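# Structural features, examined
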Amino acid sequence: MDPIREGIIQIADNVSAGLQNACQTFGFLPDGRELVDMSETDHGLKVAFSDRSEEGWPGFTVNLPAEALFSHAWIGFLARRAAWTVRQAPKAVVDHLSAYNEGFPAPGRRSYRGWTFLLDDGVEIGVGGARDGIVFLAVKQTREPESIGDAIKARNSRYKERWGDLWK
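To keep things clear, this report deals only with the structure shown in the data block.

## Let's talk about the overall build of the protein
Looking only at helices and strands, one finds 3 helices and 9 strands in the protein. Across the protein, helices and strands are ordered from the amino to the carboxyl terminus as α-β-β-β-β-β-α-β-β-β-β-α. Each principal axis of the C-alpha distribution contributes one length, and for the protein these read about 55 × 40 × 35 Å. Taken over 168 residues, the protein has a buried fraction of 36%. Within the protein, residue pairs in contact and separated by at least 24 positions form 48% of the contacts whose partners lie at least 6 positions apart. Summing over all exposed atoms, the protein offers an accessible surface of approximately 10,300 Å²; the carbon and sulfur share of this is 55%. One way to put it: in the protein the 20 positive side-chain charges average out to a point 5 Å from where the 23 negative ones average out.

Encoded structure:
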């Protein structure tokens, strides 16, 4: 894909994500809970992102602290995201992620206020600095712009499989 088209898609993705985030935060859109599967475990909260490999998003799971409260999830052209708040110190959240997620790399410093884990398959987990004792935890998975064409074809095929008989 040429740089101009890729730039347009990235701008559209960022605008879409910003609008969805704002509308979900203020209650104008549903929270997107159906985009992630959450279950309690002995070590906290297990979060599974569905396998959408045919659309460029392989499935993955991440174990979060039990105190994590779901905020919202949204999906755009290039990224799918979910956010939680946690009433813990940022270092405690980082330590939990490192201890209870097999194969996690060491966290990198994102800024003076947080850490980032960069995983395989375009997954990034950010732990933001505490404000009023609450830590912001965000999970983001990015796909390649070239996979958008494959995603459209995959969705079209699923649509035809499900609803094709109605159009005959």
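That shown, we press on.
## Structural notes on the sheet that holds strand β2 (residues 44-49)
What the 3 strands build is an open sheet, ordered β1-β2-β3; its pairing is antiparallel. Edge strands, defined here as strands with exactly one partner in the open sheet, are β1 (36-41) and β3 (60-64). Taken over all neighbouring pairs, the strand axes of this sheet differ in orientation by 20° on average, direction set aside.

## Section: the pattern of salt bridges
Summed over the entire model, instances satisfying the criterion amount to 4 salt bridges. With its nearest N and O atoms 3.4 Å apart, the salt bridge here joins D2 to R5. In this structure, the salt-bridge partner of R33 is D31, at a minimum N-O distance of 2.9 Å. Classification of R33 by relative accessible area gives partly exposed; the value is 41%. For D31, a relative accessible area of 25% gives the class partly exposed.

## Digging into the environment of F136
Examined against the element boundaries, F136 turns out to sit in strand β9 (residues 135-142). Overall, F136 belongs to the partly exposed group, its relative accessible area being 41%. Separated by 51 residues in sequence, F136 and T85 have C-alpha atoms that sit 4.8 Å apart. Beyond its immediate stretch of four places on either side in the chain, F136 contacts A83, W84, T85, G126, V127 and G128.

## Concerning helix α3 (residues 147-163)
If you check α3, its first and last C-alpha atoms are 24 Å apart, about what 17 residues at 1.5 Å a residue would give, namely 24 Å. Of all the positions in α3, only S147, I148, A151 and A154 are classed as buried. The buried residues of α3 occupy an angular sector of 120° when projected down its axis, which confines them to one face. Set apart from the buried face of α3 by more than 90 degrees, the exposed residues are I152, K153 and K160. Where α3 is buried, its residues contact α1 (3-25).

Basis of the calculations
Residues numbered from 1 in each chain as written. Predicted model: local features only at pLDDT ≥ 70, side-chain atom pairs only at ≥ 80, totals over all residues. Heavy atoms only, no water. Helix = DSSP H or I, 4+ residues; strand = E, 2+ residues; numbered from the N terminus. Buried < 20%, exposed > 50% of the residue type's maximum accessible area, 1.4 Å probe, protein only. Contact = heavy atoms within 4.5 Å. Areas by Shrake-Rupley, 256 points an atom, 1.4 Å probe, with all protein chains shown as cover. Lys, Arg positive; Asp, Glu negative; His and termini not counted. Charge placed at Lys NZ, Arg CZ, Asp CG, Glu CD. Pairing = 2+ DSSP bridges. Axes fitted to C-alpha atoms, helices over the stretch in contact; angles between N-to-C directions. Salt bridge = Lys/Arg side-chain N within 4 Å of Asp/Glu carboxyl O. Expected span 1.5 Å × (residues − 1). Arc of directions from axis to C-beta.

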